[in-house]
Amino acid sequence: MSISRTELLQAFDSLLQPERFKDYGPNGLQVEGKAEVSRIVSGVTASRALIEAAIAARADAIFVHHGLFWRGQDGRVTGWMKQRLQLLLAHDINLYAYHLPLDAHPELGNNAQLGRVLGFVADARFGEQDLGFAAPATFANGQALADHVAQALGRAVTLVQPGTAGDDTQRPICRVAWCTGGAQGYFESAIAAGADAFITGEISEPQAHLAREMGVSFIAAGHHATERYGAPAVAEAVAGQCGVTHQFIEIDNPA
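The model shown is predicted, which means the values in this text are computed figures rather than measured ones.

**A short note on the packing of helix H2 (residues 48-56) against helix H3 (residues 79-90)**
For the pair H2 and H3, interaxial distance at closest approach is 10 Å and the crossing angle is 15 degrees. With respect to each other, H2 and H3 are oriented roughly parallel. Two packed elements cross with a definite hand, and for H2 against H3 that hand is left-handed. Each of Arg48, Ile51, Glu52 and Ile55 in H2 lies in contact with H3, whose residues at this interface are Gln83, Arg84, Leu87 and Leu88. In terms of residue class, the contact of H2 with H3 is made up of four nonpolar, one polar and three charged.

Encoded structure:
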């Protein structure tokens with residue numbers, strides 16, 4: 001079974017509705033490959049390692065969260081960009097990339113899937129473009145939540161708790177908010193949404209101080225680690241709908 005690259009694009013667009021989002025780069029078909037697609041490989045980022053793995057898997061299309069093109073980047077095709085594009089074009093592989101639309105999908109997106117992995121059932125959205133998710137939770141304190149996240153994701157996390165050492169460490173977590181990847185800037189929106197703790201991929205210097213001062217725990221669980229679930233969920237759903245095969249390929253990333 002196969003489907004045309006245009007029909008596959010329409011299936012992804014219909015599901016993810018990229019026209020609804022103001023994004024940092026183009027969503028949809030970023031690199032045109034062969035006209036017919038029978039095998040899709042999904043991954044988090046269109047790295048050379050993923051492209052090489054997709055070539056070995058004889059993929060006709062790659063579906064990712066982080067594509068090749070971003071607003072404000074150097075437009076010259078040299079170095080790593082040349083190498084990635086050269087591989088895609090030489091093997092006639094289509095590259096589909098969806099950024100914020102993949103974060104936001106209410107069932108298959110990165111945030112919805114991270115909630116599933118962590119056992120949270122979201123009952124609210126928050127932040128710019130409603131990308132953040134929030135849910136009730138029951139944890140003794142921020143450390144207990146951080147331990148749960150670390151176990152679920154299989155990696156160490158960074159926890160910043162309210163107050164100074166030994167102060168307020170037993171504050172219960174009754175409501176948790178999260179937004180995957182580099183969403184540390186959503187912390188204040190999470191606080192405004194009533195969160196006792198916020199989970200994202202990364203932490204920057206200001207957020208540590210805010211966590212201590214605002215009484216809300218901050219957990220940075222890794223950009224890649226929090227965003228590795230949406231792409232395979234969407235690609236699997238669309239592949240099933242279109243009657244083609246799908247394989248998720250994990251390219252490890254400690255960030």
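On we go.
**Things to note about the pairing of strand E5 (residues 61-66)**
Counting buried positions along E5 gives six out of six residues, so the element sits mostly inside the fold. This β-α-β element, strand E4 (residues 39-45) to H2 to E5, shows right-handed connectivity. Between E5 and its parallel partner strand E6 (residues 94-97), the chain crosses via H3, and the hand of that crossover is right-handed.

**As for unusual backbone geometry**
Here the phi dihedral of Asp92 falls at roughly 55 degrees; this positive angle occurs in a residue that is not glycine. Assessed through its relative accessible area of 35%, Asp92 is described here as partly exposed. One non-glycine residue with positive phi stands out, namely Gln129, at about 60 degrees. Mapped onto the elements, Gln129 comes out in the loop between strand E7 (124-126) and strand E8 (132-139). By relative accessible area, Gln129 is classed as partly exposed at 26%.

**Things to note about the packing of aromatic side chains**
What the rule picks out here adds up to 12 aromatic pairs. Where Phe133 meets Trp178, the ring centres are 6.0 Å apart and the plane angle is 40 degrees; that geometry is what we call tilted. A residue pair is termed long-range when its members are at least 10 positions apart, and Phe133 in strand E8 and Trp178 in strand E10 (residues 173-178) qualify at 45 residues. This pair shows no difference in class: Phe133 is buried, exactly as Trp178 is. When the ring of Phe198 is compared with that of Phe218, the centres are 5.6 Å apart and the planes differ by 70 degrees; the resulting orientation is edge-to-face. Of this pair, Phe198 sits in strand E11 (residues 197-200) while Phe218 is found in strand E12 (residues 217-220), placing the two residues 20 residues apart along the sequence. For Phe218, a relative accessible area of 0% translates into the label buried. By the ring-pair criterion, three or more aromatic residues cluster together here, those being Phe126, Tyr186, Phe187, Phe198 and Phe218.

Scoring rules and cut-offs
- Residues numbered from 1 in each chain as written.
- Predicted model: local features only at pLDDT ≥ 70, side-chain atom pairs only at ≥ 80, totals over all residues.
- Heavy atoms only, no water.
- Axes fitted to C-alpha atoms, helices over the stretch in contact; angles between N-to-C directions.
- Helix = DSSP H or I, 4+ residues; strand = E, 2+ residues; numbered from the N terminus.
- Parallel < 35°, antiparallel > 145°, perpendicular 65-115°, else oblique.
- Left-handed = near helix turned anticlockwise from the far one by under 90°.
- Contact = heavy atoms within 4.5 Å.
- Nonpolar A, V, L, I, M, F, W, Y, C, P; charged D, E, K, R; others polar.
- Buried < 20%, exposed > 50% of the residue type's maximum accessible area, 1.4 Å probe, protein only.
- Right-handed = clockwise from strand over helix to strand, strands pointing away.
- Phe/Tyr/Trp six-rings, centres within 6.5 Å; stacked < 30°, edge-to-face > 60°.

Keep in mind that these numbers describe shape and distance, not what the molecule does.
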